[in-house]
Amino acid sequence: MRVMAQMAMVMNLDKCIGCHTCSVTCKQTWTNRSGVEYVWFNNVETRPGQGYPRTYEDQERWLGGWTRTRRGRLTLRSGGRLRKLLTIFSNPKLPSIQDYYEPWTYDYDILTTAPLQEHTPVARPRSLITGEHTKIEWSANWDDNLAGAPELATRDPLIKGIEDKVRFEFEQTFMFYLPRICEHCLNPSCAASCPSGAIYKRTEDGIVLVDQDRCRGWRMCVSGCPYKKVYFNHRTGKAEKCTFCFPRVEVGLPTVCAETCVGRLRYIGLVLYDADKVLAAASVAEEHDLLEAQRQVFLDPQDPDVVRAAEQTGIPRDWIEAAQRSPIHALINTYRVALPLHPEYRTMPMVWYIPPLSPVVDVIRDTGHDAEDHGNLFAAIDALRIPVEYLARLFTAGDPEPVNSVLRKLAAMRSYMRDINLGREPREEIAAGAGMTGEQVYDMYRLLALAKYEDRYVIPPAHAEQAHGLEELATECSLDYDGGPGMGGSGPFGESSGGVSPIAVENFRMLRDRQSSDTMAAPDEKAHRVNLLNWDGKGRPEGLFPPRRQP
Amino acid sequence: MSTESDFIDALVRTRRFFTRAEVSEDLRTVHQIGGRAADEFYRDRWSHDKVVRSTHGVNCTGSCSWKVYVKDGIITWETQQTDYPSVGPDRPEYEPRGCPRGAAFSWYTYSPTRVRYPYVRGVLLDLYREAKARTGDPVLAWADIVDDPERSRRYKAARGKGGLVRASWDEATEMVAAAHVHTIKRWGPDRVAGFSPIPAMSMVSHASGARFVSLLGGSMLSFYDWYADLPVASPQVFGDQTDVPESGDWWDAGYLIMWGSNVPVTRTPDAHWMAEARYRGQKVVAVAPDYADNVKFADEWLAAAPGTDGALAMAMGHVVLKEFFVDRQVPYFTDYVKRYTDLPFLVKLERRGNTCVPGKFLTAADLYGPLGGENAAFKTVVFDDVKGTPVVPNGSLGFRYGDQGEGRWNLDLGDIDPRLSLEGADAVEVELPRFDADGSMLRGVPAQYVNGFLVTTVFDLMLAQYGVRREGLPGVWPTGYDDASEPYTPAWQEAVTGVPAKAAERIGREFAANAEESRGRSMILMGAGTNHWFHSDTIYRAFLALTTLTGCQGVNGGGWAHYVGQEKCRPITGWSQLAFGLDWSRPPRQMIQTAYWYLHTDQFRYDRFDSLGGKSTHELIAQSARMGWMPSYPTFDRNPLDLADDAEQSGRPAADHVVDELKSGRLRFACEDPDAPENFPRVLSVWRANLLGSSAKGNEYFLKHLLGTDSSLREDDVGAPTGKLDLLLSLDFRMTSTTIFSDVVLPAATWYEKHDLNTTDMHPFVHSFNPAISPPWQTRTDWAAFQAIAEVFSTLAEKHLGVRKDIVATPLLHDTPDELANPHGVVRDWKAGDCEPVPGVTMPRLTVVERDYTAIAAKMSALGPLADKLGATTKGITYDLGREVDYLTHKNGTIRGGPADGRPSLVRDVHACEAILALSGTTNGHLATQGFKKLERRTGTELADLAAEHEGKQITFADTQAAPVPVITSPEWSGSETGGRRYSPFTINVERLKPWHTLTGRQHFFLDHDWMTEMGEQLPVFRPPLDMTALFDEPAIGDQGAEGLTVRYLTPHSKWSIHSEYQDNLFMLSLSRGGQTIWMSAEDAAKIGVADNDWIEAVNRNGVVVARAIVSHRMPEGTVYMHHAQDRLIDVPRSETSGKRGGIHNSLTRLLIKPSHLIGGYAQLSFAFNYLGPTGNQRDEVTVIRRRGQEVTY
């Protein structure tokens, strides 16, 4: 047993309202910079739908993740490392910008500056790739809320084979939202794909990062990641990805996406796992066995042997305690309601999901039944709108039983709690029907429903009860990096105030000088349209800031 | 176990190709140890100099506290605060509050759509500079331009067509001030108007211009009714504007119906309460015509056809009445309705041939005649089961005013047991209206004679109305739930709504059964989807019947939860003092905005039908105005300053003079002829608002008649005037459809650049805005901007205005004895000879107000003497403010010299914040206790203890800067937070027997006003959406012709904007479709050959819209959604139909006014600002939609 600690996340999809606040706060914080305009470390997709980038789950096309050879070995689906070496200069399995979306901006300034003219001024869209006026054909979230679904969602790769279950008709409508970040896998195929070894998994918490110095921009990681959560920065020529907000997590703050989630559906905590078991678990023969194999890799943090082993490997005491209080461990292994996203990719993802309940279809609705019959008040699982088969394709490599089990637990929790809510005697048999005790159901209810800040986020070393007060600890000096004060070079969405310079150790100082200098690096006619999102922090472009007061 | 080949294994183990790191034993991962300098990029990016608390200040109920990050003096991004005080260990918390719109706000700070400098329409600026050079005086220069038809037409025709040029603050404010001075002098102060909505979200910013306009004597335009967010049913039923539970109270509900309220989209930060309450065993039902975002959470989805929700609710009410009142009695329900509703009250029946119709409430005046005592016509009567006689219980309106009612305005029934039904008495057939088909319903009620009057109870009428049959009663009744021929059975509603009868029946039963078991914890969240219809008041009354019959109102976790535009300005007393300048002069002019624009944009000229009693809507508005029911500004066809002078010269009291002039016909109400130049609105200021991009129903009528510029109005020209408005001033931080049409645009500070206060009814906290940076460029806070305008105005006024007297006409007001003006709600029109015009009784109250126009700036910036002299009155309770004014004198400091010498300062926005907090009961425990003590004297019940726990607590601005602060229970609102409980409305009424502010003092099912009777809406009733084919010859829904397909046109709230704000934000555009869209069903799209993302045009008589189509199966056939307020500035090409810039969502809408909303002067049907007034509804509209050429031009 080799105990390691992993920072992990669970998202309760049953609570997700699809608001995209997580996407916006993440983008504002991390990727509103030039070169990554199209990049959303966190995105939310409506399912059924194609996702972002389009149809990324179609591994027959993108060849992401691992496959198991007949000899029982894992191999990258896109080919072994040798093949990678041979094709290093041409990577055919890379999504194009159109598969993400072609970012754009608008001629906003015309609204103020338009001369007297025949028609009301209007801000037209302009491609950030070509600089030309454009008709918008796709966006970061084009098929939100089933937009265009009859035409678009039919190309959802997960629907193939269950078309009879997923119908695009008004009466049969269903949808749910799937927020996604990097999975920070235990068995990351991005890292395995990288010829430069630039992708590494942090020892202490398992966060997967791209070393910006070592990355040589081969983009094999983009292909190798089956979730398409490694992105290519077109400006720096480096790969970038979700960092699990490590500068925040290190001081006990939850990730931006989690803390700003108004659905309160994200949980962050540690899991302890046996590093020696990972490869075997990822390599089990039957895909339906992957879920259980992955659960078995996790160690019981209450087990004295595990605690001892953890201490031996140098995991600090408060980390072990955090692992014991971890909501992640509770949701995955105690209550067993969280499931991994696409275990069949065999990357052992560390962001798990509680699948959503959904309203019943008309079969039940049309009939009159006794209101307080438990079986009717909360509908039978098999009458739910979202086909279990669809959820199973997301979370259990197609095995409906674990999904059914979770949905039964959620439904049982509601029935059990209804009695308490109305002041009746709670009924143990309801809990038993879902394989739980009443106390377990109640505890799970508190974790899922009350979901207090300090219960959602158990992040060592800082103690969560102090987390509100820790804002300032993460700060260091500003402006030392490419992109300026949070806003980025030629803009996530806009124009440049200077030419493109790839970030590198060699030009680090030069970049810093440019950022702190008081003149435009490369003024041009576009300067007057600069805004802060499009401004890279270099100088004081005309019109961007109020004139300095004269002494 | 190993990877795929030994060769590669070796390669990996040694070098990992090119680099150095520790490779795991199984070669699975690489762990890097030490040397993490490359992480620095992200570590540094996550760095900032300070974090500042602020929020977003208008049009959103969120009231979310945010952390604004600042680095190197630049705003970088924002994330949510998580420091809301806990609501207890056994419930979820309010953290974090926010949404993607708010999270994207900082984009505006430095965006290219930011208004950085003052701008003036170039044509106008040239004219002004020329005229000023010639005349040497700003006011004369303005007069010179606007009095010249040619020159004024020229600049008005240029509105909205670019050509804005930069000006200095000095020049821009001078022009604005000159326009105000000239307008007041030439036409009168009531030709000046101000529009800024929703004070709760930024009270000081709202108060800035409102204070300026009010001190001038200008008209502040209402917003709640204008937005159609005001549920008129609330004043009708509760005698209250709107009072709703905080979202944390959803948690307490055992049964929750989301009805036309798409909670995840429109109440994003609150949606989690609903999601989480399900885990506590709450059942959730969604009623929505489409598969809306909230349907995902519901246990059941009832897809009622748009606008038919009333039918579903009536059918559910049918089930509730039958199963819980007739077949079986539920003690909790029966006790509740006897005590807290008008159901046991007696109603006189009037003979109509062989049948009867319900008439008026029986009152003490009917019982005792002249011996009935004080206000006898307002004391309603029940039949006491104990004594077996009719009795007058405490608590009706007659007890609220006058000496005899002192200590008796309460709901204490004493020994009285009101009889709910006169069952057993003789049966009488009553004729009841129906609107789903021709004819009426004949149904029997038990009735008996009292003092010569044939009476029955409201309850008996309700059973008749709902078609709940009882043995022995005559009439035509449904035979059972499955009888589809008679209203209001489940089967009947199925034909109307499309909801299966069994489902309607079952949900109705479950709702009531849950309420029975939980003692009232069944709740309905209701929203714009059911509230923006012409007949929404009837839809809502059908909802409220459900929550009231089942004893859910005034119970935590139960009752109505109306969530659209209902933002609660919790410190309302302090805010209203400041906003309306009540500390210097009273009364202010407050106008119902719907009627204002209906008249002044000439939409009334395009009506083709009579409205009520053979009168046009225009005539009804004029009648309502002259009877003192509703306000009307401009009031007279004469300058009220000149009118005051005339009165003084006549030597008669001003009111007498005005009455004489009116009776002689020499003086007329302006609203009788809105197209006469002397009756035009002349100057309009818009701040914190986007009138033309958001709320202006009938956008093209606005452009044509108000602004005098190009429009796409497709109605035949009626010869009405164009370009009525001389000056459109807007203050904004971004370019909008309003700024682009404005004559002067002043650059405003954003929400991250000023101090202000914020509250909502969604949570019980008050918190603050704080500047993360100083207002950049030449931007200023609204508070500072209006002070600057006031300075110039006051200077110019010295020469042109001086001190004047102003005759202010105000309507009969709610929560004052004015509501006793019209006993029994009988229409008395003095002009028709029904009565004499008596100010304050049969016509508006007339007050002479002295206005020192040279002192406006001084008054703006100081708290005036009326605050301590007269106190402040909120909902009938007058607060003495002496202590508070004294406190502010020290807290804010005083003004030295000038007209405001020695008064507390309001110079800075922080001063205004302190004043608002100090002068309100919700934020000042002294005032809350004082108010309750005063109320106790009237009710005779104990109340002051509700605030006693916080009597010494006074919330300061510094408190709100530190963290959101819970407010104090106060008589300003109807619910209690005492002891840390969740806020639910009317808990004080229910628990402390405090009457509702209605005729009976109870919640009303029955309304006996003449016009309600004439409308057929005495009782809850179903009225279908308006028939646009019958009214306007529009094609019928489903018709398809050469022009395209006719569909229902709805404008629900958007996921990607808060009204028009954020719609232009690049983050929101990148997450959506990047421009104006219309959602339609796959079936409709197929009919007209539209593919997803095709350009389409929607055309009706009101105008044209160009948008791209979103085709989705979640939309029902026959209905399209164009999300509200997508503005017209982003990627809107020119229209094929008009050749002009494609329109905005309101290009296809127009105003239609429901006459019953104009009722006033009678009990709860009396005017108060944003409390009652005609709604700017817009959902009954239809449009023809078609695929257009895909090559668009701009």
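Residues numbered from 1 in each chain as written. Chains lettered and ligands numbered in written order. Predicted model: local features only at pLDDT ≥ 70, side-chain atom pairs only at ≥ 80, totals over all residues. Heavy atoms only, no water.

Taking an unreviewed UniProt entry as the reference, chain B is identified by name as Nitrate reductase alpha subunit belonging to Lentzea fradiae. Checking UniProt for chain B, the heading Sequence similarities (unreviewed entry) contains the comment "Belongs to the prokaryotic molybdopterin-containing oxidoreductase family." (UniProt positions renumbered as here; feature names shortened; annotations may be inferred.)

The name that an unreviewed UniProt entry assigns to chain A is Respiratory nitrate reductase beta subunit, with the source organism given as Lentzea fradiae. Among the UniProt annotations of chain A, the heading Subcellular location (unreviewed entry) holds the following wording: "Cell envelope".

### Examining the overall build of chain B
When helices and strands are tallied, chain B shows 38 helices and 39 strands. Over its C-alpha atoms chain B spans a radius of gyration of 30 Å, differing by no more than 12% from the 32 Å that the globule rule assigns to 1194 residues. Residues classed as buried in chain B amount to 75% of the 1194 residues present. Accessible area for chain B stands at about 30,100 Å²; split by element, carbon and sulfur atoms hold 48% of it. Treating the 125 positive side-chain charges of chain B as one cloud and the 152 negative ones as another, the clouds have centres 3 Å apart. (Helix = DSSP H or I, 4+ residues; strand = E, 2+ residues; numbered from the N terminus. Rg over C-alpha atoms; globule rule 2.2 N^0.38 Å. Buried < 20%, exposed > 50% of the residue type's maximum accessible area, 1.4 Å probe, protein only. Areas by Shrake-Rupley, 256 points an atom, 1.4 Å probe, with all protein chains shown as cover. Lys, Arg positive; Asp, Glu negative; His and termini not counted. Charge placed at Lys NZ, Arg CZ, Asp CG, Glu CD.)

### Focus on the packing of helix α4 (residues 122-135) of chain B against helix α5 (residues 138-146) of chain B
All names here are of chain B. Put simply, α4 and α5 touch, their axes get as near as 8 Å, and they point 125 degrees apart. Classified by the angle between their axes, α4 and α5 sit oblique to one another. Note on packing geometry: the crossing formed by α4 with α5 is right-handed. Contact with α4, carried on its side by L124, L127, Y128, A131, K132, R134 and T135, involves P138, L140, A141, W142, D144 and I145 of α5 and no other residues of that element. (Axes fitted to C-alpha atoms, helices over the stretch in contact; angles between N-to-C directions. Parallel < 35°, antiparallel > 145°, perpendicular 65-115°, else oblique. Left-handed = near helix turned anticlockwise from the far one by under 90°. Contact = heavy atoms within 4.5 Å.)

### Some thoughts on the sheet that holds strand β32 (residues 965-966) of chain B
Paired through their backbone hydrogen bonds, the strands of a sheet run either parallel or antiparallel. Residues and elements named next belong to chain B. On the basis of which strands lie adjacent, the open sheet formed by three strands has the order β26-β27-β32 and antiparallel pairing. Of all strands in the sheet, those with a lone pairing partner are β26 (756-758) and β32, marking the two edges. Of the pairings in the sheet, the one linking β26 to strand β27 (residues 765-769) comprises three bridges and is antiparallel in character. By the bridge assignment, N758 is partnered in β27 with H767. (Pairing = 2+ DSSP bridges.)

### Brief notes about the packing of helix α29 (residues 882-892) of chain B against helix α30 (residues 909-918) of chain B
Residues and elements named next belong to chain B. Between α29 and α30, the shortest axis-to-axis distance is 10 Å and the interhelical angle comes to 155 degrees. Taken together, the axis directions place α29 and α30 in an arrangement best described as roughly antiparallel. Crossing handedness for the pair α29 and α30: right-handed. Contacts between α29 and α30 involve E884, Y887, L888, K891 and N892 from the former and H911, E914, A915 and A918 from the latter. Residues of the contact of α29 with α30, tallied by class, amount to four nonpolar, two polar and three charged. (Nonpolar A, V, L, I, M, F, W, Y, C, P; charged D, E, K, R; others polar.)

### Describing the domain arrangement of chain B
Residues and elements named next belong to chain B. Annotation of chain B at the domain level lists domain 1 (328-486 + 998-1015) and domain 2 (1035-1187). Each of domain 1 and domain 2 was reduced to a C-alpha centroid, and the two centroids are 42 Å apart. By the criterion of area lost to domain 2, the three top residues of domain 1 are H1009, W1011 and M1015, representing 49% of everything that side buries. At the junction of domain 1 with domain 2, the criterion picks out zero salt bridges. Where domain 1 touches domain 2, the interface holds two residue pairs in polar contact (both at pLDDT 80 or more). Residues that form the side of domain 1 that touches domain 2 fall into these classes: seven nonpolar, three polar and one charged. (Domains from an automatic or database assignment. Buried area = accessible area lost by both parts, 1.4 Å probe. Salt bridge = Lys/Arg side-chain N within 4 Å of Asp/Glu carboxyl O. Polar contact = N/O pair within 3.5 Å; in protein donor to acceptor, adjacent residues only side chain to side chain.)

### Structural notes on the UniProt feature "domain: 4Fe-4S Mo/W bis-MGD-type" (unreviewed entry) in chain B
Per the UniProt record, "domain: 4Fe-4S Mo/W bis-MGD-type" (unreviewed entry) is annotated on residues 49-113 of chain B. Secondary structure within residues 49-113 of chain B divides into 6% helix and 28% strand; the distance between the first and last C-alpha atoms comes to 26 Å.

### Notes on unusual backbone geometry
Note that the residue after Y52 of chain A, namely P53 of chain A, is joined by a cis bond; omega there is -5 degrees. One can find P53 of chain A in the loop between β2 (43-47) and α2 (59-62). The omega torsion across E95 of chain B and P96 of chain B is -15 degrees, close enough to zero to call that bond cis. For P96 of chain B, the location among the structural elements is in the loop between β5 (74-80) and α3 (100-103).

### Focus: the pairing of strand β13 (residues 346-352) of chain B
Residues and elements named next belong to chain B. Across three bridges, the pairing between β13 and strand β19 (residues 453-457) is antiparallel. When the sheet's bridge partners are listed, L346 is paired in β19 with T457. Across five bridges, β13 lies against strand β14 (residues 355-361) in antiparallel orientation. Each bridged residue has a counterpart across the sheet, and for V347 the counterpart in β14 is F361. If you look at the hairpin formed by β13 and β14, you'll find two residues sitting between the two strands, and G353 has a positive phi there, around 65 degrees.

### Regarding helix α1 (residues 21-31) of chain A
For α1 of chain A, a buried count of eleven out of eleven residues is recorded, marking the element as mostly surrounded by other parts of the structure. Regarding α1 of chain A, the residues found buried are T21, C22, S23, V24, T25, C26, K27, Q28, T29, W30 and T31 of chain A.

### Section: the sheet that holds strand β21 (residues 559-562) of chain B
Residue and element names in this part refer to chain B. On the basis of which strands lie adjacent, the open sheet formed by five strands has the order β12-β11-β10-β20-β21 and parallel pairing. What marks the edges here is a single partner per strand, and that holds for β12 (300-302) and β21. Averaged over neighbouring strand pairs, the angle between their axes works out to 20 degrees when direction is ignored. Judged from the three bridges that link them, strand β11 (residues 283-287) and β12 form a sheet pairing that is parallel. Looking at β12, one finds that A286 is bridged to W301. The strands touched by helix α12 (residues 309-326) are β10 (255-259), β11 and β12; relative to β10, the strand with the most contacts, the crossing angle is about 155 degrees.

### Quick notes on the environment of V808 of chain B
All names here are of chain B. Tracing the sequence through the fold places V808 in strand β28 (residues 803-810). Overall, the relative accessible area of 0% leaves V808 in the buried class. Sequence-wise, V808 and T635 are 173 residues apart; in three dimensions their C-alpha atoms are separated by 8.4 Å. Beyond its immediate sequence surroundings of up to four residues, V808 is in contact with P587, R589, R845, L846, T847, V849 and R851.

### What about the pairing of strand β36 (residues 1095-1100) of chain B?
Residues and elements named next belong to chain B. Counting buried positions along β36 gives six out of six residues, so the element sits mostly inside the fold. Taking every second residue as pointing to the same face, both faces of β36 are buried, with W1095, E1097 and V1099 on one and I1096, A1098 and N1100 on the other. Of the strand pairs in this sheet, β36 and strand β37 (residues 1103-1111) are connected by six bridges, and their pairing is antiparallel. Counted as the bridge partner of W1095 is R1108 from β37. Counting the residues between successive antiparallel strands, the hairpin from β36 to β37 contains two residues. In this structure, β36 lies alongside strand β39 (residues 1182-1187), joined through four bridges in antiparallel fashion. Along β39, the bridge assignment pairs E1097 with R1186.

### Structural notes on the environment of I430 of chain A
By secondary structure assignment, the location of I430 of chain A is in helix α20 (residues 428-433). Between the alpha carbons of I430 of chain A and Y177 of chain A there is a distance of 29 Å; along the sequence they are 253 residues apart.

### Some details on the confidence of the model for chain B
Residue and element names in this part refer to chain B. Scored by pLDDT, chain B comes out at a mean of 95, with 97% of its residues at no less than 70. The low-confidence segment residues 10-20 (pLDDT under 50) makes 29 contacts with residues lying over four places distant or belonging to another chain. For this predicted complex, the interface score ipTM comes out at 0.95, alongside a pTM of 0.93. (pLDDT = per-residue confidence, 0-100.)

### Description of a negative patch on the surface
All names here are of chain A. A cluster of acidic residues, E428, E429, E439 and D443, forms a negative patch on the protein surface. Those elements that provide at least two residues to the negative patch are α20 and α21 (438-450). Locating E429 in the fold gives a position in helix α20. Among the residues examined, E429 registers a relative accessible area of 51% and is labelled exposed. (Patch = residues over 30% accessible without salt bridge, like charges linked within 9 Å, V, L, I, M, F, W, Y side chains within 5 Å.)

### A short note on the state of the cysteines
Residues and elements named next belong to chain A. Scanning all chains against the criterion turns up zero disulfides over all chains. In this structure C225 is a free cysteine whose sulfur lies 6.0 Å from that of C190, the closest cysteine sulfur available. With relative accessibility at 8%, the residue C225 sits in the buried group. (Disulfide = S-S within 2.5 Å.)

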